[in-house]
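Topology and contacts: notes
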Amino acid sequence: MQSPLRHGKAAIGTTIAGGALAALSQAPERASRLLRHRYPTVAVTGMTGVGKTRLADRLSRRASAESAGGADVGSAVMERRTRRNARLRGYRFRVVPGENAATRLGALDEVFHDEPVDGVLHVVAWGHATPRRTGGTTGAALATREELLAAELEDWAITAHRIASMAVRRDRPTWLVVAVTKADLFADDVDAAVRYYSPGSGTPFGDKLDELRALAGGAKLSIDVLPVCARGGDKRSAMPEKACNDLLGRLELRLAQLSGHV
């Protein structure tokens, strides 16, 4: 006959083993939550030529090819950047290709459906994007400012649909920052540019943002609009280095606030 003491020890052992297995099974999920808290994932979206990669490079403290003298060209695949600081916090940036191709649509699916991001940094340029020819062709492209603004709206319609779809599926708010880049090209009209991209402004882009908030639910989507100049210290920039750095600092501060880093 088995003694009560032995039976009790066996029960305790089984309980401990079960608890250990449960803890081990939950470990990956806890690690994932910790990683997302310390290093939230940010989708960097926008049409080709607006300066997504350059901005991601500045935010991640990485030297871009253009800064090193390379050509300002877009990527056909999703690029990844990571920002780390001494406090073991930062961001994982996912730069979605601007070209309207299969690789871009696949990248959009990844960041908004397969592995939903924590926030979106949508880059626009107030009609000052660098015109580019379609992939595989060479030579300078030409486009009017009106054509570039129209192309931005068309690009945004695709991205906004993905953001709304992601926002309604999750149990926590989604944040969106519209980064109005290349501010050094319209330094005297920065306020007008920010107003054009703001919700409730009555502009074509502002109306699209109002539609997005209605689809996603206003309480589930926060929207900020911030000007930025990614050419800080670049002699080709018409804006002083301090002014460019101040704009970039404001963007970095807002990203930190939205991510709970400050």
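The preceding data block contains the structure.
As a starting point, this report considers the structure included with it.

What counts and how
Residues numbered from 1 in each chain as written. Predicted model: local features only at pLDDT ≥ 70, side-chain atom pairs only at ≥ 80, totals over all residues. Heavy atoms only, no water. Helix = DSSP H or I, 4+ residues; strand = E, 2+ residues; numbered from the N terminus. Contact = heavy atoms within 4.5 Å. Areas by Shrake-Rupley, 256 points an atom, 1.4 Å probe, with all protein chains shown as cover. Buried < 20%, exposed > 50% of the residue type's maximum accessible area, 1.4 Å probe, protein only. Core = buried A, V, L, I, M, F, W, Y, C linked by side-chain atoms within 4.5 Å. Pairing = 2+ DSSP bridges. Axes fitted to C-alpha atoms, helices over the stretch in contact; angles between N-to-C directions. Salt bridge = Lys/Arg side-chain N within 4 Å of Asp/Glu carboxyl O. Parallel < 35°, antiparallel > 145°, perpendicular 65-115°, else oblique. Left-handed = near helix turned anticlockwise from the far one by under 90°. Nonpolar A, V, L, I, M, F, W, Y, C, P; charged D, E, K, R; others polar. Disulfide = S-S within 2.5 Å.

**Side note on the overall build of the protein**
Each helix and strand in the protein was counted, giving seven helices and six strands. Reading the protein from its N terminus to its C terminus gives the helix and strand order α-β-α-β-β-α-β-α-β-α-α-β-α. The contacts in the protein between residues at least 6 apart in sequence include a share of 72% that link residues at least 24 apart. Total accessible area on the protein is roughly 13800 Å²; 56% of this is exposed by carbon and sulfur atoms.

**Describing unusual backbone geometry**
Despite not being glycine, Trp-126 shows a phi value in the positive range, around 50°. In this structure, Trp-126 sits in the loop between strand 4 (119–124) and helix 4 (145–169). When its relative accessible area of 13% is taken as the criterion, Trp-126 is described as buried.

**Section: the environment of Leu-105**
Within the element layout of this structure, Leu-105 appears in helix 3 (residues 102–114). For the pair Leu-105 and Thr-159, spaced 54 residues apart in the sequence, the C-alpha separation amounts to 9.7 Å.

**Comments concerning the nonpolar core**
Among the nonpolar cores identified, the biggest contains 40 residues, and Phe-112, Trp-156, Ile-163, Leu-176, Tyr-197, Phe-205 and Leu-212 are the most heavily contacted of them. Elements with a minimum of two residues in this core: helix 3, strand 4, helix 4, strand 5 (174–180), helix 5 (190–196), helix 6 (204–216), strand 6 (221–227) and helix 7 (241–258). No other element matches helix 4, which puts eight residues into this core. Not counting residues up to four positions away in its chain, the partners in contact with Phe-112 are Ala-43, Thr-45, Val-117, Val-120, Thr-159, Arg-162, Ile-163, Met-166 and Arg-169. Formed by 25 residues, the second largest nonpolar core is a distinct cluster that contains Val-42, Ala-56, Leu-59 and Ala-179.

**What about the sheet that holds strand 4?**
Here we have six strands laid out as an open sheet, ordered 2-3-1-4-5-6, and mixed in their pairing. Single-partner strands in this sheet number two, and they are strand 2 (79–84) and strand 6. Direction aside, neighbouring strands of the sheet carry axes that sit 20° apart on average. Bridge analysis of strand 5 against strand 6 gives seven bridges, and the strand direction is parallel.

**Some words on the pattern of salt bridges**
If you walk through the whole model with that rule in mind, you get eight salt bridges. Across the salt bridge formed by Arg-81 and Asp-57, the nearest N and O atoms sit 2.6 Å from each other. Taken as a pair, Arg-81 in strand 2 and Asp-57 in helix 2 (residues 52–59) lie far apart in primary sequence, 24 residues in all. Look at Arg-81 and you get buried, because its relative accessible area is 7%. Between Lys-242 and Asp-246 there is a salt bridge, and its shortest N-O distance comes to 2.9 Å. Placement of the pair is Lys-242 and Asp-246 together in helix 7, with a separation of four residues, close to one helical turn. What makes Lys-242 exposed here is its relative accessible area of 59%. Put simply, Asp-57, Glu-79 and Arg-81 are held in one network by salt bridges that share partners.

**Side note on the packing of helix 4 against helix 6**
Axis angle and axis distance: for two packed helices, these are the angle between their axes and the distance between the axes, and together they describe the pair. Remark: helix 4 packs on helix 6, axes separated minimally by 9 Å, with the N-to-C direction vectors making an angle of 15°. Regarding the angle of helix 4 to helix 6, the classification is roughly parallel. In terms of crossing hand, the pair formed by helix 4 and helix 6 is right-handed. Facing helix 4, whose interface residues are Leu-153, Trp-156, Ala-160, Ile-163, Ala-164, Ala-167 and Val-168, helix 6 presents Pro-204, Phe-205, Lys-208, Leu-209, Leu-212, Leu-215 and Ala-216. Here the residues of the contact of helix 4 with helix 6 sort into 13 nonpolar, no polar and one charged.

**What about the state of the cysteines?**
Tallied over the entire structure, the rule returns one disulfide. There is a disulfide in this structure between Cys-229 and Cys-244, and the S-S distance comes to 2.2 Å. Between Cys-229 and Cys-244, the S-S torsion sits near 60°, and that sign places the bridge as right-handed. Of this pair, Cys-229 sits in the loop between strand 6 and helix 7 while Cys-244 sits in helix 7, and the two are 15 residues apart along the sequence. For Cys-244, a relative accessible area of 0% gives the class buried.

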